[in-house]
Amino acid sequence: MTARIGIMDQPTEAGITIRSPSRGYCLIIAVLLIIPVGLGAACARRWTPTHDEYWHLPLGLYAIKTGDCRPDPINPPLIRMWAALPLWWQGTSPGENVFPAYDAYEVGDAFQRAHPVDHREWFFHGRLMMLPFGLLGGVVVVCWARRWWGDAAGLLAAALWCGSPILLAHSAIVAHDLPAMSITLLTLFVTVCHREKPTPLGPWIIGALMGLAFLTKFSTLPLLGLVPLFWLILPSSVVVPKEQKILMLIATVMTAWLTLHIGYAMDSAHHGRPSDMEIWESIWFPQTFVGGLGALQRIIQVPHPVFLDGEWSLTGFRLYYVMALLYQLPLGLWGCIFTAAVLVWRTRRDVTERRRFAALGVILLAILVPASLSGNQLGLRYVFPAIPLMILFASIAARHWSTARTLRRGAVLLMAGLALSSLRYHPHHLSYFNELAGGPEHGRQHLVDSNLDWGQDLHTLREYLLAHPSPEPLQLAYFGTASPALLGIDYEFPASPQPQPGRYAISANFIAGRPHMLRDLDGRERQLALDELAPFRFFEPKAMMGYSIGYYEITPEDVARYHRARQQAMEQFGGR
């Protein structure tokens, strides 16, 4: 499918001559991209398996051993199975009494029971398989920035990527969000390369990448329409006839469809011979894929409590993701975005640049607008593909570096350094908030859930309790799925919403007021109502485990002080 090519006038103002980079340049880029990998490996070793991660990795091992991908079908199997490969290779047991499994919790529980001592060690092995996805995303955004805006832009993109704690954190977790982001980014970049210089293999490669994205996370399905639109908007000096466009589109869609079926082939074989109706349906899409979409739709329709800036809602907030980006991206990145916007305005007459910005803008809107209209707003991770595109745009701040004024150079270097300084919170990258939000210490005043507290610091709590033994019972409200009891933590659930003297360990989500079901493998359960543990916002924790679990030693005097303050507040506001 070789396109007939006609050369059009190419504006030179936006043109960047790409030369082979020097060895020193490549070394700096490599260091900047490897730093998050090293820090991510340290986090992978340290953190407790996070809330959803608790079942993601065991489900991957379960799928490899059984060929069954039906438990928790709302996520495709590819990433889970990829992360579980080291466990399968070493003959790790998924646990007893899980064949067949019908529930994700059941598989996660069986795995922790089977590995009470080395549970975190096996997760470390699985997490190491996720680090290449973070590296892939960094390489793509650097290559893209350098291709469009030159060496200095690529270097700035590498620095901004390195200084993005939220991306670093999720590259060290067995979950679908960051891999889906990286594969989406790679799909868009290959589309750019193919648009600028069409090749016969281009549509097939793009289709295969789209299929891989679909096997990573269902939220990537809009790529089926966005990639062709992105391709049409992008600037190019190559004229592709209409017939060739249609053939390329068909090749892309067919390759994506075939890749999707290959990804579910093992699961389809596990189900055996389908009925006549199922045969007809499975020709179009794998059964588990269709079932997963249906299950996901049902889950999305169930209201979830959403928290933003001290308020709770069951319908979400229209500015949730805008504010989350504002709070959780380093201020250095925002400064580069502002500088880039000024430079874009100055070159607004450049046709090539306008089409580039329009293409990026369409993708950003397609990511942010539907998510902002949804009530399922449980974390910035749902709009992750927007972040590397924002880094790409921000790299414009270093465009035409050799002719830039000293003031702009100094400002860009300062902002890049400010972004890199966000790594000072290591290893608490998952709880990062920038200075505008008051830092991680004040994160729970703005956002909760996977933005702050995903259960990652339970082992830190165990270490603290071992170092500070006490005969007084511990009351624990932990936002996580790993069993504190199997970690050797002797505890009870908080007995009363009214503060009582005693020792407490309370997750930041519950301090902010999140409702949730507390559970443990011994069958204990305790439903926390909305804002039930709000009194803990009054007390100062004696210690913090990272920024996600507060440890309290409340005395009778503290309780009396709380009731006096509450009574004064009621009198001041007329008993309300």
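Not measured: the values here are computed from a predicted model.

### Some details on the state of the cysteines
So, point 1. Enumeration according to the criterion identifies 0 disulfides in this entry.
So, point 2. The cysteine Cys26 is free of any disulfide, with Cys143 supplying the nearest cysteine sulfur at 9.6 Å.
So, point 3. A residue is classified by how much of its surface remains accessible, and Cys26, at 37% relative accessible area, is partly exposed.
So, point 4. Relative accessible area serves as the criterion here: at 36%, Cys143 is assigned to the partly exposed category.

### Digging into helix α19 (residues 386-394)
So, point 1. Taken across its 9 residues, α19 has 8 buried, putting it largely inside the fold.
So, point 2. Taken as a whole, α19 has its buried residues at Ala386, Ile387, Pro388, Leu389, Met390, Ile391, Leu392 and Ala394.

### Some thoughts on the sheet that holds strand β7 (residues 543-545)
So, point 1. Here 4 strands make up an open sheet; going across it, the order is β3-β4-β8-β7 and the pairing mixed. The open sheet has two free edges, formed respectively by β3 (474-477) and β7, since each of these has just one partner strand. The sheet shows a mean angle of 20 degrees between the axes of neighbouring strands, direction not considered.
So, point 2. Pairing between β3 and strand β4 (residues 502-507): 4 bridges, direction parallel. The residue of β4 that forms the bridge with Gln475 is Tyr504.

### What to know about the confidence of the model for the protein chain
So, point 1. For the protein chain, per-residue confidence averages 89 on the pLDDT scale, and residues scoring 70 or more make up 92% of the total.
So, point 2. For the stretch residues 1-15, pLDDT sits under 50, and the model shows 39 contacts to residues farther than four places along the chain or on other chains.

### What to know about unusual backbone geometry
So, point 1. For the bond from His426 to Pro427, the omega torsion is 10 degrees, close enough to zero to count as cis.
So, point 2. Note on placement: Pro427 falls in the loop between α20 (406-420) and α21 (458-467).
So, point 3. Notably, His400 is not glycine yet its phi reads approximately 50 degrees, a positive angle.
So, point 4. Along the chain, His400 falls in the loop between α19 and α20.
So, point 5. When its relative accessible area of 34% is taken as the criterion, His400 is described as partly exposed.
So, point 6. Located in the positive-phi region is Asp449, a residue other than glycine, with phi close to 60 degrees.
So, point 7. Turning to its location among the elements, Asp449 is positioned in the loop between α20 and α21.
So, point 8. Under the relative-accessibility criterion, Asp449 is labelled buried at 7%.

Thresholds, definitions, all that
- Residues numbered from 1 in each chain as written.
- Predicted model: local features only at pLDDT ≥ 70, side-chain atom pairs only at ≥ 80, totals over all residues.
- Heavy atoms only, no water.
- Disulfide = S-S within 2.5 Å.
- Buried < 20%, exposed > 50% of the residue type's maximum accessible area, 1.4 Å probe, protein only.
- Helix = DSSP H or I, 4+ residues; strand = E, 2+ residues; numbered from the N terminus.
- Pairing = 2+ DSSP bridges.
- Axes fitted to C-alpha atoms, helices over the stretch in contact; angles between N-to-C directions.
- pLDDT = per-residue confidence, 0-100.
- Contact = heavy atoms within 4.5 Å.

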